Amino acid sequence: MASKFGLPGGIPERRVRPIWDAIDSRQFKNALKLSTSLLSKHPNTPYALALKALILERMGKSEEALSICLNAKELLHANTSVLIDDLTLSTLQIVFQRLDHLDKATSCYEFACTKFPNNLELMMGLFNCYVREYSFVKQQQIAIKMYKIVGEERFLLWAVCSIQLQVLCGKGDGKLLLLAEGLLKKHITSHSLHEPEALTVYISLLEQQSKFKDALEVLCGNLGSLIMIEVDRLRVKGRVLARAGDYAAAVDVFQKILELCPDDWECFLDYLGCLLEDGSCWSNVPISDLRYPRKYLDSNFSHLTEESFDSRISTATVLVQKLLEEANEGSIRGPRLALIEIERRKSLFGKENDDKLIETIMEYFLRFGHLASCTSDVEPFVQMLSPGKKAEFVKTLTENMEPIVAVPKEVLGRSITVFKIQELVGSFFNLPTDDLELLALQMVELYYKNLPLSKELDPQENMPGEELLTLVSNILVQLFWRTKNFGYLVEATMILEFGLSVRRFVWQYKIMLLHLYSHWGVLPLAYQWYKSLDVKNILLETVSHHILPQMLLSPLWIDLNDLLSNYLKFMDDHFRESADLTFLAYRHRNYSKVIEFIQFKERLQGSSQYLSAKIEALILQLKQHSDNVEEEERILENLKFGIDFLELSNEIGSKTLTFNEDLQSRPWWTPTFDKNYLLGPFQGVSHCPKENMHQINQAQVNMQKTLEKRSLLPRMIYLSIRCASSSIKENIEANGSIVDTRTPSELKALLDRYTKFLGFHFQDAIELVVEVSSGKKPLEALRSDLIDWVNFAVLMNAWNLNSNESRQDIWSMVNSLIEKYIVDEISSLGSVISSPGSNLPTLIQLVTEPLAWHSLIIQACVRTSFPSGKKKKKVVGPSEQSNNNANFSQGIRDSIESLTRSIEKVAEWLREEIGKPEDENVEVIVSSIDTKDQNGGPGKVLKVLETNISLMMGDVDLGDQISGALKLWNHVEVARRIVNGHHTVLSEFLRICELKVQTLRALKSQL
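Residues numbered from 1 in each chain as written. Predicted model: local features only at pLDDT ≥ 70, side-chain atom pairs only at ≥ 80, totals over all residues. Heavy atoms only, no water.

1. Overview of the overall build of the chain
Counted only if it meets this: Segments assigned H or I by DSSP are reported as helices when at least four residues long, segments assigned E as strands when at least two residues long, and all are numbered from the N terminus. For the accessible areas, the method is Shrake-Rupley and the probe is 1.4 Å, while residue cover comes only from the protein chains on display. In this tally Asp and Glu are treated as negative and Lys and Arg as positive; neither His nor the chain ends contributes. The atoms used to mark charge sites are NZ of Lys, CZ of Arg, CG of Asp and CD of Glu.
Counting its secondary structure elements, the chain contains 49 helices and 0 strands. Across its three principal directions, the C-alpha atoms of the chain cover 100 × 95 × 60 Å. Carbon together with sulfur atoms contributes 51% to the accessible area of the chain, which is approximately 44000 Å² in total. Between the centroid of the 111 positive side chains of the chain and the centroid of its 129 negative side chains there is a distance of 7 Å.

2. Re the side chain of threonine 417
Rules: Residue contacts follow a heavy-atom distance rule, with two residues in contact if any of their heavy atoms lie within 4.5 Å.
Residue placement: threonine 417 occurs in helix H22 (residues 408-425). The contacts of threonine 417, once residues within four sequence positions are left out, are Phe365, Gly369, Leu371, Cys374 and Thr375.

3. Overview of the packing of helix H27 (residues 507-520) against helix H28 (residues 523-532)
Heads up, the condition is: Angles shown run from 0 to 180 degrees and are taken between the N-to-C directions of axes, each axis being a line fitted to C-alpha atoms and, for helices, limited to the stretch in contact. For classification purposes, an angle smaller than 35 degrees is called roughly parallel, one larger than 145 roughly antiparallel, one from 65 to 115 roughly perpendicular, and anything else oblique. Note on convention: the crossing is left-handed when the near helix lies turned anticlockwise from the far helix by less than a right angle, right-handed when the turn is clockwise. Each residue is assigned to one of three groups, with Ala, Val, Leu, Ile, Met, Phe, Trp, Tyr, Cys and Pro labelled nonpolar, Asp, Glu, Lys and Arg labelled charged, and all others, Gly among them, labelled polar.
One way to put it is that H27 packs onto H28 with a least axis distance of 8 Å and a crossing angle of 160°. The angle between the axes of H27 and H28 places the two elements in the roughly antiparallel class. In terms of crossing hand, the pair formed by H27 and H28 is left-handed. Touching Lys510, Leu513, Leu514, Tyr517 and Ser518 of H27 are Leu523, Leu525, Ala526, Trp529, Tyr530 and Ser532, all from H28. Considering only residue class, the contact of H27 with H28 consists of 8 nonpolar, 2 polar and 1 charged.

4. Remarks on helix H31 (residues 557-587)
Applied cut-off: The span one expects for a helix is its residue count, reduced by one, times 1.5 Å. The quantity called bend is, for any residue, the angle between two axes fitted respectively to the seven residues ending at it and the seven beginning at it.
Compared with the 45 Å implied by 1.5 Å per residue over 31 residues, the 44 Å span of H31 between its first and last C-alpha is a close match. At arginine 576, H31 shows its largest bend, some 35°. Positioned one or two residues after H31, arginine 589 has a phi angle of 65°, which is positive.

5. Quick word on the pattern of salt bridges
The criterion, for reference: Put simply, a salt bridge is a Lys or Arg side-chain nitrogen that is within 4 Å of an Asp or Glu carboxyl oxygen. Exposure is judged per residue with a 1.4 Å probe applied to protein chains only, and the accessible area is read against the type maximum: over 50% gives exposed, under 20% gives buried, and values in between give partly exposed.
Here the structure, examined in full by the defined rule, presents 53 salt bridges. For the salt bridge of aspartate 573 with arginine 576, the shortest nitrogen-to-oxygen distance reads 2.4 Å. Residue aspartate 573 and its partner arginine 576 are both found in helix H31; the two are separated by 3 residues, about one turn of the helix. Here aspartate 573 falls in the buried class, since its relative accessible area comes to 17%. Among the salt bridges present, the one from arginine 863 reaches glutamate 633, with a minimum N-O distance of 2.8 Å. Placement of the pair is arginine 863 in helix H44 (residues 850-865) and glutamate 633 in helix H34 (residues 629-638), with a sequence separation of 230 residues. Where salt bridges share partners, they join Glu616, Lys623, Arg710 and Glu849 into one cluster.

6. Details of the confidence of the model for the chain
Rules: pLDDT expresses, on a scale from 0 to 100, how confident the predictor is about each individual residue.
Confidence along the chain averages 87 in pLDDT terms, with 90% of residues attaining 70 or more. Between residues 728-739, whose pLDDT stays under 50, and residues either more than four places distant or in other chains, the model counts 19 contacts. Residue range residues 872-876 is modelled with pLDDT below 50. Its contacts to residues more than four positions away, or to other chains, number 6 contacts.

7. Some remarks on the nonpolar core
Cut-off, in case you're wondering: Nonpolar core, defined: a set of buried Ala, Val, Leu, Ile, Met, Phe, Trp, Tyr and Cys residues in which side-chain atoms within 4.5 Å join the residues together.
The biggest cluster of nonpolar side chains holds 189 residues, and the ones touching the most others in it are Tyr447, Tyr517, Phe792, Trp853 and Ile925. Examining the composition of this core, we find that 13 residues originate from one element, helix H49 (residues 971-1006), more than from any other.

8. What about a nonpolar patch on the surface?
The condition that has to hold: Grouping into patches uses exposed residues only, defined as over 30% relative accessible area, and leaves out salt-bridged ones; the cut-off is 9 Å for like charges and 5 Å for nonpolar side chains (Val, Leu, Ile, Met, Phe, Trp, Tyr).
A cluster of nonpolar side chains, contributed by Ile538, Leu539 and Phe600, occupies part of the molecular surface with about 230 Å² of accessible area. Along the polypeptide, isoleucine 538 turns up in the loop between H28 and helix H29 (539-543).

9. Thoughts on the environment of serine 720
Relative to the helices and strands, serine 720 is located in helix H37 (residues 713-724). On a C-alpha basis, the gap between serine 720 and threonine 706 in space is 21 Å, while along the polypeptide they are 14 residues apart.

10. A word on the packing of aromatic side chains
Centre distance and the angle of the planes are the two values used to describe a pair of aromatic rings. The condition that has to hold: The criterion for an aromatic pair is that two Phe, Tyr or Trp rings (for Trp, the six-membered ring) have centres within 6.5 Å, with stacked assigned to planes under 30 degrees apart, edge-to-face to planes over 60 apart and tilted to the rest. The rule for a charge over a ring is simple: NZ of Lys or CZ of Arg within 6 Å of the ring centre, and within 35 degrees of the ring normal.
Tallying each qualifying case throughout the model produces 26 aromatic pairs. Seen in terms of ring centroids, phenylalanine 127 and phenylalanine 583 are 6.4 Å apart; in terms of plane orientation they differ by 45°. Their pairing is tilted. Of this pair, phenylalanine 127 sits in helix H7 (residues 120-133) while phenylalanine 583 sits in helix H31, and the two are 456 residues apart along the sequence. Ring centres of tryptophan 265 and phenylalanine 268 lie 5.9 Å apart, and the angle between their planes is 20°; this geometry places the pair in the stacked category. Note that tryptophan 265 and phenylalanine 268 are positioned in helix H15 (residues 265-275) at a spacing of 3 residues, about one turn of the helix. The exposure class of tryptophan 265 is partly exposed, given its relative accessible area of 25%. With relative accessibility at 3%, the residue phenylalanine 268 sits in the buried group. By way of ring pairs, the aromatic residues Phe429, Trp481, Trp668, Trp669, Tyr677 and Phe682 are connected into one cluster. The ring of phenylalanine 365 carries arginine 414 above its face, with NZ or CZ at 5.3 Å from the centroid. Between lysine 601 and the ring centre of tyrosine 134, over which it is positioned, the NZ or CZ distance is 4.1 Å.

What follows is the structure, given as structure tokens:
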């Protein structure tokens, strides 16, 4: 090949190197100039064309780059004298891939491999193409072909991994694994294996087929020495034995691991599970998850007799005591946790002894209670206790809070652990309001007294006692939930803002503040704190749920667009780049990562949040341009008129969605994205989210239905515009028949699907909407799904315009429904400053969605009736048709006037709120935490914190960083930021309303 002789693509390297240097330094104009010069000397060289295409693509000239790439591709196929090398093809591949034409790059490599059938370099390039296309069958075929040519182990393993992927991620038959096993056996017989990863692949292949005996023979044979670290080899052996059901042998293996690594908690769980012959933890493990640690949520050892159980538990206890003795009471936590786990297993077997369980937990607390992890370590064991025993345990903890050696950090750590366990078991929910306030005061006292411990710490280090302010805020939020006293919410917010003024990098404070501000409606500040989390890469998938649902209901469309765009860009980039990672794993012979990368990509592709973001990004575009029907039609046209999203809706019902959100990081009052306890009445500890996982599962079911329903909207909006764009004169013949029935028929079918999500059939839904609009049924009948019902009414009106099942009163029905709900929503709104959890997000969504679609339908009707703003010519025809046209025109006029009135009512309320003096609003917030009442109430905790820290600053050295932050602290300025945040939300909403009113008035002027 030409490249082997220093002639890449047949061109001397000295002529090519300056171009690549210019590309690497992003000097694209200079690179293009050099490339053009090179092309003039080598006009029919594919490599020169590929270089120019690469430069043009980097400059954003996609169409020109694609044209040149296609020209180079044609030269490769047409001219037999043209040299083909991997450098030319890989350059073309880069450009084709970035232009989403990977199939063309693949065809180039396929042609090259046909022309040079035994060229390994080209075949590896083709394999890379198949990896990018996730074409597992073709990967297998080309890998086997390479293996036959050179006999290298790596190519055989590429083929075996491709077969595994066909079974795990494709639709391949499990019998394919026999083929992979046969290939490996044949290779081992002739060449053996030489890499640890090769052995790992072989073992996993045998495990997938449940050939555990064969896997053990391989591990215990000469090949087992490939896993050079003894503990790693023992772990694999123990796992295989356990899955084979040979629990006695597995126990011996896991015991050896524990003797080598006594702090290996996962290994102890494996040991105890095998000792008690509990196979449930192994039999339920998916084949694809064999390499991940298993969690013991439930246990199944009821088949053991009491005598056998006692004997085995005694054996485990003896081993743990031995491990503790050998550790010489060191700092390892595993054996002490193991003693608690043994008591838990006794309880599960029916030998309940809560006193003994409490005793072992207390021993653990006395040894490790100062550690931040102590609460999470003992949580599953504490939750097993009965309510009475939990109270007894908390009392015992409180009595043993002080350590024998009073080291300040250990005293603080133990105190925090006690508070956290009290919170965990729900003790705070049972305390009277006054006692809760006293508890919060104790916590802030601990906080400010221990501030000097942090004076020399780096600003990004965790400071001792920072969790105390989180606990204090949780108590104050609970007091707000109980009393509905707005001041407690203000105080909780101020406490967290104070904490962040001292320590800017405490993510727990930021997430709590984010949710408090969201509940309060101060979304600009919520979004500001979210951005300060500096969420990047995969965290966008796991953390975005903290802010995205609230932003979707806000008028901050620029921020929402940034949020959605950044998230979708990461996801789409990852899907493109995951193939690169997969191929790198192949090249570096890390075959377990190959399967991991593919499965991770598939998990992300099924992400409910990813699908939601794609749908909501389109709906946001439609909302932003709803005042211009022509622009709306262009958006829908670019997106195939909503057909892709309609197909997505059809797929979601049969698709297994993944939910990757880290719900554990959410505050207790909002355990899922669709649940907020603060909006309802106080219901006590029974609503603790850790005890109510059913709500999380229900939230996921609701999300799936919401995605199906929302993905119907773009297509329904398009069809509604189509229906409305056809005037009565143009669509109805003299005999009254409809010329085009396909559009209304499709719209009706989609509306029928839409109403089924609401629990109604199409006709029943119409009757319900008519009855509510006429006052026969109360507004509450539609309240639970208000936006969906008004969406239905508006889009059903568009269907009615072109349906032979039409009802003449639909226009007035929709007008009445909208006006009633607008009036009702506005009347329920108090001052946004002092009314957290108000219906403002519902009102915003009502105006920006169903009312926006109604406006689009009106615009389409006016455009058809009065094209180019001209009055419609007088139509001479049957009187019935003339009456229909007159009724049609009157319906449009009435709707314009009704919609204008409704939005102006909203705008009037917004102007009234915006017009309130800033200082007056600030005073409302500040006065809510004024502590004139010395007997209790909101503000006392904050005042004690501020007062005592001010006194400390004169006597105690807190360090420059903390002292400087405390000098700048001013809760009045925080209140002012909150007021300005509210002002931003209301002003943006008012701008949207004014644009809609302006559009409606322009339409009215055309009539």
